[in-house]
2 protein chains.
Amino acid sequence: MKQIDGGLCAPQGFKAGGVWCGIRKKNDKRDLALIVSDRPCTAAGMYTTNKVKAASVLVSREHLAAGRCQAIICNSGNANACTGEAGLDAARRMARAAATALGIEPTLVAVGSTGVIGVPLPVERVESAMPELIKSLSADYQGHSAALEAMMTTDTRKKETAVEFELDGKPVRIGAAAKGAGMIHPNMATMLSFITTDAAIAPPLLDSALRLAVRRSFNRVTVDGDTSTNDMVLILANGKAGNPPIEKDDANYLRFCAALEQVCINLARAIARDGEGATRLVTCTVSGARDEETAETLAKAVVSSSLVKAACFGADANWGRILCAMGYSGADFEPETVSVRFRSGAGEVPVCKNGASIPFSEELAKSVLSQEEIEIIIDLKDSGKASATCWGCDLTYDYVKINGDYRS
Amino acid sequence: MKQIDGGLCAPQGFKAGGVWCGIRKKNDKRDLALIVSDRPCTAAGMYTTNKVKAASVLVSREHLAAGRCQAIICNSGNANACTGEAGLDAARRMARAAATALGIEPTLVAVGSTGVIGVPLPVERVESAMPELIKSLSADYQGHSAALEAMMTTDTRKKETAVEFELDGKPVRIGAAAKGAGMIHPNMATMLSFITTDAAIAPPLLDSALRLAVRRSFNRVTVDGDTSTNDMVLILANGKAGNPPIEKDDANYLRFCAALEQVCINLARAIARDGEGATRLVTCTVSGARDEETAETLAKAVVSSSLVKAACFGADANWGRILCAMGYSGADFEPETVSVRFRSGAGEVPVCKNGASIPFSEELAKSVLSQEEIEIIIDLKDSGKASATCWGCDLTYDYVKINGDYRS
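Not measured: the values here are computed from a predicted model.

### A word on the overall build of chain A
Line of reasoning, step 1. Each helix and strand in chain A was counted, giving 12 helices and 15 strands.
Line of reasoning, step 2. For chain A, the C-alpha radius of gyration of 22 Å lies close to 22 Å, the compact-globule estimate for 408 residues.
Line of reasoning, step 3. Dimensions of chain A along its principal axes, counting C-alpha atoms only, are 70 × 55 × 35 Å.
Line of reasoning, step 4. By residue count, 63% of the 408 residues in chain A fall in the buried class.
Line of reasoning, step 5. Within chain A, contacts between residues at least 6 apart in sequence are counted, and of these 79% link residues at least 24 apart.
Line of reasoning, step 6. Here chain A displays about 14200 Å² of accessible surface, and carbon together with sulfur accounts for 50% of that area.
Line of reasoning, step 7. Charge separation in chain A, taken as the distance between the mean sites of 45 positive and 48 negative side-chain charges, equals 3 Å.

Below, the structure written as structure tokens:
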């Protein structure tokens, strides 16, 4: 498997584009994206678990129920959440506008929205922008880039990736784009991730592959723990790679799962690194656990703890906070056997052994924790061999500034 | 029931005192406290749910198992947590030192510790300070104040309260002191609350009264959600008020419960108000719920949300964040019937009705949210009539500064 360029348009048979349609007041950035396959795709989606769901989530879930999709239309600048019946109608009109322009069934169109909650979506601007949006479509990186820009809100970096691998000698590609600085934005409703692939794969297997990959990537990243009303991950598979269709849980399926997981992890890390106000990407790996769920619960508690996050900002080797966070995670483990060490480009420093302090150089620890990417490595020395990795970021003044500022 | 002065020493038959024994390097603040009843007390305790428990928690739980206690010795500057067998021995030596000096059984002494995690406790300093500590005991506000000062770590305000009420014509008093700016401190292990009363009450009723009061007070306050390794709430009842002993679930028991709940709520509010870096006390009340647990889960999710907390700091009427937090709380409710309003000394402003936006004056909202004490009032308009109130604080630059700074 190798990293390649092209993002959403890396796989064969996909076009993407984006325009400014006026949902955002300022035209300094595109706000309407379209991603299209030149043939109907096998599709799978995962959606926010928030009880308050945006209209786009409800409509996309309905349209993808049959496991089929050909296009995704997505706006930024307005979440179309807490907007009632009018919001649902607006989301349906977005799908219809794209379907009409593309000459396909509205149910083959998924809808994404991100932006302010509780404000009516000016859907007529989407409708009148369709001709221009269609014109913006292209099958190259430009197309991908325009679509990604149109998805972004307060993101400071583009979150994109693509990989290529082989199935029975056929090159297969997966491309992806994501927006969101983790779970939380001023009142932006947050994470959207769209994935394209030219693999040929049966709907149930595509669905299970997506669930597994998301569990080990997006579900293991946190900037703050707030789960938004609009979160959505969609994958479209058009089969143009010509690989023998993946129809059972075999070696090819496992290869596809590994590639998809890598794609999702690349985006998850990018989201954590771009966490609001973040200066560091914090990776926590828990090993020696009785099972993966225990390891995941512990690692997530550590990267989620505000005091661990603030210590990372201060490059403070404050390991007591790590044991404290593990202790209230709800996971079952033996504090007396835990060891903790910090690692980064600047080196490695063990700080805790058998649940208690060990002497270490504060100077070395500070330089290790002062890097842009730092790792918290925890060994439970428990019966099992299971491990899990979660990603987060530090808690900074800018986080407070971004989220304390007035809506604008 | 009326508020009175005196704190821990307000009830009859209690003395308190505090000294600097050298656990804290600087002698600018006392670091060793003693609270004593002149006779053995009926006692009850509640302890941290963190899997990582400080030695003081383990020893106090053991000593109070029989529901009897006469004295509490407590140090600040060292949490005596993650310190292994030596830590347990140190906690036992603290209890023994106090018991010997007071001429009582070590099992009648509870131990509290708060401060840095993972550093050995210099217990010999506690032992050699005993004569001076005994000398510092007094039955007035001075004594209470010295003990409270010795419990404090990064607290910026004294958290103390006392009430008086009548049981069959006898005046009964409850006094209390607490330390902790919520669940989280740099690496301070956090909340301690000691309560004294001269009420005569049977052990099982004292225990159930404490559990109910704590559930509705300390368990409904959050600064950040981190539950420390040292949290402890203890109540000592010496019976000197001479009231007919409370031995069943009757009107007198309910009066006692109401008074104890008020005492705990006073301290819980003080803890939230003194949250690290906090500029505002945020009170969230959820009503119209099917049951109290649902109301509590929703209110706690709102005051715990970093984006709600940051919005409060910015005085931003960002109600979408409130619905979002309610939505991921896990509680069952209908978003479509929710109404939200903000209230403070500056007035009241409804911002959301039936789960959707309603027009409001941003100017008024800003002035309402700019006060030191603000309320978020949520009506679920659900079948039930249950409600619950939780307390928190805003998220500020100073929170990050305090927690990002190096240990010192």
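On we go.
### Things to note about helix α11 (residues 362–369) of chain B
All names here are of chain B.
Line of reasoning, step 1. Buried within α11 we find A365, V368 and L369. Taken end-on, α11 shows its buried residues confined to a sector of 90°, consistent with a single buried face.
Line of reasoning, step 2. Where α11 is buried, its residues meet α9 (306–313), β11 (339–344), β12 (347–353) and β14 (373–379).

### Observations concerning the sheet that holds β11(B)
Residues and elements named next belong to chain B.
Line of reasoning, step 1. If you trace the six strands from one edge of the open sheet to the other, you get β13-β12-β11-β14-β10-β15, paired in mixed fashion. Two strands lie at the open edges of the sheet, namely β13 (356–357) and β15 (386–393), each paired on one side alone.
Line of reasoning, step 2. Sheet contacts for helix α7 (residues 251–273): β10 (281–289), β14 and β15; angle to β15, the most-contacted strand, approximately 40°.
Line of reasoning, step 3. On the sheet, α11 packs against β11, β12 and β14 and is oriented at approximately 120° with respect to β12.

### A few points about the packing of helix α1 (residues 55–63) of chain B against helix α2 (residues 84–102) of chain B
For any two helices packed against each other, the geometry comes down to the angle between their axes and how far apart the axes lie.
Residue and element names in this part refer to chain B.
Line of reasoning, step 1. With their axes 8 Å apart at the nearest point, α1 and α2 run at an angle of 50° to one another. The orientation of α1 relative to α2 falls into the category oblique. Helix-helix and strand crossings are classified by hand; for α1 and α2 the assignment is right-handed. From α1, A55, S56, L58, V59, E62 and H63 reach across to α2, where they touch G87, L88, A91, R92 and A95.
Line of reasoning, step 2. A breakdown of the residues in the contact of α1 with α2 according to their chemical character gives six nonpolar, three polar and two charged.

### Some remarks on the pairing of strand β14 (residues 373–379) of chain A
Residues and elements named next belong to chain A.
Line of reasoning, step 1. Bridge analysis of strand β10 (residues 281–289) against β14 gives seven bridges, and the strand direction is parallel. Of the residues in β14, the one forming a bridge with S287 is D379.
Line of reasoning, step 2. Relative to β14, strand β11 (residues 339–344) runs antiparallel, the two sharing six bridges. Paired with V340 across the two strands is I378, which belongs to β14.

### Some words on the domain arrangement of chain A
All names here are of chain A.
Line of reasoning, step 1. In terms of domains, chain A is made up of domain 1 (2–273) and domain 2 (281–404).
Line of reasoning, step 2. The C-alpha centroid of domain 2 is placed 32 Å from the C-alpha centroid of domain 1.
Line of reasoning, step 3. Buried area between domain 1 and domain 2, both sides added, is near 1600 Å², and the carbon and sulfur share of it is 48%.
Line of reasoning, step 4. Looking at the side of domain 1 facing domain 2, the largest losses of area belong to R220, R269 and R273, adding up to 40% of the total buried there.
Line of reasoning, step 5. Between domain 1 and domain 2 we count six salt bridges in total.
Line of reasoning, step 6. E372 is the salt-bridge partner of R273, the closest N and O atoms lying 2.9 Å from each other.
Line of reasoning, step 7. Here domain 1 is connected to domain 2 by eight residue pairs in polar contact (both at pLDDT 80 or more).

### What about the confidence of the model for chain A?
All names here are of chain A.
Line of reasoning, step 1. In this model, chain A carries a mean pLDDT of 91, and residues with pLDDT of at least 70 account for 95%.
Line of reasoning, step 2. Scored below 50 in pLDDT, residues 183–188 makes 43 contacts in the model with residues more than four places away or belonging to other chains.
Line of reasoning, step 3. The ipTM assigned to the predicted complex is 0.73, against a pTM of 0.80.

### Some points on the side chain of B:E164
Residue and element names in this part refer to chain B.
Line of reasoning, step 1. As for its position among the elements, E164 is in strand β6 (residues 159–167).
Line of reasoning, step 2. Taking relative accessible area as the criterion, E164 reaches 14% and is therefore assigned buried.
Line of reasoning, step 3. For E164, the side chain forms a polar contact with the side chain of R173, separated by 2.7 Å.
Line of reasoning, step 4. Look past the residues within four positions of E164 in its chain and what remains in contact with it is M1, K2, I4, P171, V172 and R173.

### Observations concerning α1(B)
Line of reasoning, step 1. If you check which residues of α1(B) are buried, you get B:A55, B:S56, B:V57, B:V59, B:S60 and B:H63.
Line of reasoning, step 2. On its buried side, α1(B) packs onto β3 (32–47), β4 (68–78), α2, β5 (109–116) and β9 (232–237) of chain B.

### Details of the pattern of salt bridges
All names here are of chain A.
Line of reasoning, step 1. Under the defined criterion, the tally for this structure stands at 49 salt bridges over all chains.
Line of reasoning, step 2. Among the ionic pairs, E164 bridges to R173, the shortest N-O distance being 2.6 Å.
Line of reasoning, step 3. For R173, a relative accessible area of 29% puts it in the partly exposed group.
Line of reasoning, step 4. Counted as one network, the salt bridges with shared partners bring together R215, R216, R220, E261, E292, E296 and K300.

### Re the packing of aromatic side chains
All names here are of chain A.
Line of reasoning, step 1. Applying the stated rule across the entire model yields two aromatic pairs over all chains.
Line of reasoning, step 2. Ring geometry for F165 versus F256: centroids 6.4 Å apart, planes at 55°, classification tilted. Of this pair, F165 sits in strand β6 (residues 159–167) while F256 sits in helix α7 (residues 251–273), placing them 91 residues apart in sequence.

### Regarding the environment of A:E292
Residue and element names in this part refer to chain A.
Line of reasoning, step 1. Mapped onto the fold, E292 is located in helix α8 (residues 292–304).
Line of reasoning, step 2. Between the C-alpha atoms of E292 and K385, which are 93 residues apart in sequence, the distance is 8.7 Å.
Line of reasoning, step 3. Aside from chain neighbours lying at most four places away, what touches E292 is R215, R216, R220, A386, S387 and A388.
Line of reasoning, step 4. A distance of 3.0 Å separates the side chain of E292 from the side chain of R216, its partner in a polar contact.

Calculation rules
Residues numbered from 1 in each chain as written. Chains lettered and ligands numbered in written order. Predicted model: local features only at pLDDT ≥ 70, side-chain atom pairs only at ≥ 80, totals over all residues. Heavy atoms only, no water. Helix = DSSP H or I, 4+ residues; strand = E, 2+ residues; numbered from the N terminus. Rg over C-alpha atoms; globule rule 2.2 N^0.38 Å. Buried < 20%, exposed > 50% of the residue type's maximum accessible area, 1.4 Å probe, protein only. Contact = heavy atoms within 4.5 Å. Areas by Shrake-Rupley, 256 points an atom, 1.4 Å probe, with all protein chains shown as cover. Lys, Arg positive; Asp, Glu negative; His and termini not counted. Charge placed at Lys NZ, Arg CZ, Asp CG, Glu CD. Arc of directions from axis to C-beta. Pairing = 2+ DSSP bridges. Axes fitted to C-alpha atoms, helices over the stretch in contact; angles between N-to-C directions. Parallel < 35°, antiparallel > 145°, perpendicular 65-115°, else oblique. Left-handed = near helix turned anticlockwise from the far one by under 90°. Nonpolar A, V, L, I, M, F, W, Y, C, P; charged D, E, K, R; others polar. Domains from an automatic or database assignment. Buried area = accessible area lost by both parts, 1.4 Å probe. Salt bridge = Lys/Arg side-chain N within 4 Å of Asp/Glu carboxyl O. Polar contact = N/O pair within 3.5 Å; in protein donor to acceptor, adjacent residues only side chain to side chain. pLDDT = per-residue confidence, 0-100. Phe/Tyr/Trp six-rings, centres within 6.5 Å; stacked < 30°, edge-to-face > 60°.

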